[in-house]
Amino acid sequence: ASVDNWLELQTTAQLAEQSSAPIRIMLRVTPGIECHTHEYIQTGHLDSKFGFDPEQLDAVFEFVSQQPKLNCIGLHAHIGSQIFELQPHTDLPGVMTQWLLQAKQYGISITELDVGGGLGIRYTQTDDPPSIEQWVQTVSKGIEAACQTHNLPLPKLIAEPGRSLIGSACITAYTVGSSKTVPGIRTYIAVDGGMSDNPRPITYQSSYEAIIANRLSAPATQTVTVAGKHCESGDIVIKDISLPEAMAGDTLVVMATGAYNYSMASNYNRVPRPAAVIVQDGSASLILQRETYDDLIQYDCIPDHLISHDHTH
Ligand SMILES: Cc1ncc(COP(=O)(O)O)c(C=O)c1O
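Below is a summary of the structure that appears in this document. Owing to the predicted nature of the structure, the values given are computational and were not obtained by experimental measurement. (Residues numbered from 1 in each chain as written. Predicted model: local features only at pLDDT ≥ 70, side-chain atom pairs only at ≥ 80, totals over all residues. Heavy atoms only, no water.)

**A look at the overall build of the chain**
Counting secondary structure elements, the chain contains seven helices and 13 strands. Rg of the C-alpha trace for the chain: 25 Å, well past the compact-globule value of 20 Å for 313 residues, more than 25% over. Principal axes of the C-alpha set define a box for the chain whose edges measure 70 × 70 × 40 Å. The long-range share in the chain, meaning contacts at least 24 apart out of those at least 6 apart in sequence, stands at 71%. Of the roughly 17700 Å² of accessible surface on the chain, 52% is carried by carbon and sulfur atoms. In the chain, 18 positive and 34 negative side-chain charges are present, and the distance between their average locations comes to 4 Å. (Helix = DSSP H or I, 4+ residues; strand = E, 2+ residues; numbered from the N terminus. Rg over C-alpha atoms; globule rule 2.2 N^0.38 Å. Contact = heavy atoms within 4.5 Å. Areas by Shrake-Rupley, 256 points an atom, 1.4 Å probe, with all protein chains shown as cover. Lys, Arg positive; Asp, Glu negative; His and termini not counted. Charge placed at Lys NZ, Arg CZ, Asp CG, Glu CD.)

So this is what it looks like as structure tokens:
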């Protein structure tokens with residue numbers, strides 16, 4: 001288990017006392033590394049709700065060293081998400097190795113370092129993230145160098161990439177509906193989805209690129225704003241994108257929606273979630289069923305006292 005805070009640590013210690021075998025844990029620690037990503041998805045700086053504050057580590061290691069049934073084998077950090085710079089990934093191994101040395105002073109032998117995820121992907125043409133290979137090399141060379149400096153054996157290295165593995169493997173296909181031109185201001189085109197299937201634009205002001213899939217080679221002739229179908233003015237899928245003239249019934253495809261879309265999807269406005277298919281060599285197979293209106297009300301209950309049992313009327 002990755003243990004994030006004192007309550008989890010104390011609860012795990014109590015469970016360990018009752019268990020026949022020792023419980024293996026990792027401690028999540030806040031690395032205090034600033035990344036130039038969107039503030040909401042920075043998880044590693046010191047003012048963070050995630051993990052133990054490094055200032056508390058002496059107390060944490062002392063507590064752990066007094067628990068014979070707790071076997072602390074690893075340290076865990078996650079510096080944030082959608083990170084384009086390699087520097088934070090270069091810095092992290094050095095920071096984690098310091099914690100490892102600190103644990104050693106309390107007789108705790110750390111054999112695993114979990115560096116989390118965070119590698120960014122290309123949502124728009126101006127995004128320029130490092131490759132997975134560059135990220136892996138940066139982290140593993142950083143660990144190697146830090147261990148060499150302190151004459152430590154190499155730990156088992158664990159990583160938790162999410163977005164970079166699946167983000168660009170997926171697209172979202174919307175059907176274009178109405179359009180509205182506000183003279184001198186902008187043209188909106190409406191689609192049959194939005195913040196319930198992709199909450200990233202309204203949550204992080206994320207940018208995306210899109211195409212009109214049924215007229216791929218048509219030249220882009222207009223700048224439009226793609227509006228979602230929900231009751232928030234902020235439900236905008238893409239602001240100011242160059243597209244061919246879009247007509248009702250067109251298929252607007254938004255790129256790179258494989259990560260933090262379905263997993264963050266909601267039933268905002270009680271909109272059912274869309275289906276998903278996996279496509280290979282021109283054939284598609286269903287991997288997620290489209291939600292139905294019956295699905296949306298399956299957990300609704302009517303309290304007995306609100307049901308009329310009076311059959312005389
Ligand atoms: C602890 C932890 N590990 C890994 C990840 C995956 O991050 P990413 O998708 O940026 O690679 C996250 C995402 O928030 C996380 O919270």
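Having seen it, we continue.
**Some details on the environment of F50**
In this fold, F50 is placed in the loop between β2 (23-28) and α2 (57-65). Separated by 45 residues in the primary sequence, F50 and N5 place their C-alpha atoms 8.2 Å from one another.

**Some words on the packing of α2 against helix α3 (residues 87-104)**
Direction vectors running N to C along α2 and α3 enclose 45°, while the axes themselves pass 10 Å from each other. Viewed along their axes, α2 and α3 adopt a mutual orientation that is oblique. Helix-helix and strand crossings are classified by hand; for α2 and α3 the assignment is right-handed. Note on element contacts: α3 touches α2 through W99, Q102 and A103, opposite L57, D58 and F61. Residues belonging to the contact of α2 with α3 are distributed by class as follows: four nonpolar, one polar and one charged. (Axes fitted to C-alpha atoms, helices over the stretch in contact; angles between N-to-C directions. Parallel < 35°, antiparallel > 145°, perpendicular 65-115°, else oblique. Left-handed = near helix turned anticlockwise from the far one by under 90°. Nonpolar A, V, L, I, M, F, W, Y, C, P; charged D, E, K, R; others polar.)

**Details of a nonpolar patch on the surface**
Nonpolar side chains collect at one region of the surface, where I132, V136, L165 and I166 lie side by side and expose about 340 Å² of accessible area between them. Of all the secondary-structure elements, those providing two or more residues to the nonpolar patch are α4 (132-149) and α5 (163-166). By the secondary structure assignment, V136 is in helix α4. (Patch = residues over 30% accessible without salt bridge, like charges linked within 9 Å, V, L, I, M, F, W, Y side chains within 5 Å. Salt bridge = Lys/Arg side-chain N within 4 Å of Asp/Glu carboxyl O.)

**Let's talk about the pattern of salt bridges**
Inspection of the entire model under this criterion finds five salt bridges. Taking the shortest distance from any N to any O, the salt bridge between R270 and D300 comes out at 3.3 Å. Here R270 is found in the loop between β11 (251-254) and β12 (276-280), whereas its partner D300 is found in the segment after α7 (293-296), with 30 residues between them in sequence. With a shortest N-O distance of 2.9 Å, R273 and E291 are connected by a salt bridge. With R273 in the loop between β11 and β12 and E291 in the loop between β13 (283-288) and α7, this pair connects stretches of sequence that are 18 residues apart.

**Observations regarding helix α1 (residues 6-18)**
Between the first and last C-alpha of α1 there are 19 Å, a value that for 13 residues agrees with the 18 Å anticipated at 1.5 Å per step. Looking at α1, one finds that the buried residues are L9, T12, A13 and A16. Along the long axis of α1, the arc covered by the buried residues comes to 105°, so they all point the same way. In α1, the exposed residues that point more than 90 degrees away from the buried face are L7 and Q18. Sitting at the head of α1, N5 places a side-chain oxygen 3.1 Å from the backbone nitrogen of L7. (Expected span 1.5 Å × (residues − 1). Buried < 20%, exposed > 50% of the residue type's maximum accessible area, 1.4 Å probe, protein only. Arc of directions from axis to C-beta. Polar contact = N/O pair within 3.5 Å; in protein donor to acceptor, adjacent residues only side chain to side chain.)

**Notes on the side chain of R200**
Within the secondary structure, R200 sits in helix α6 (residues 200-204). No salt bridge is formed by the buried R200; its nearest oppositely charged neighbour, D127, is found at 7.8 Å. One polar contact links R200 to Y208, side chain to side chain, over a distance of 2.7 Å. Those residues in contact with R200 that sit more than four places away from it in its chain are Y123, R163, Q205, S206, Y208, A259, Y260, N261 and M264.

**Here we look at the pairing of β11**
Here strand β6 (residues 172-182) runs beside β11; their pairing, made up of four bridges, is antiparallel. Across the sheet, Y174 pairs through a bridge with L252, a residue of β11. Pairing between strand β8 (residues 210-212) and β11: three bridges, direction antiparallel. Directly across from I212, in β11, lies its bridge partner L252. (Pairing = 2+ DSSP bridges.)

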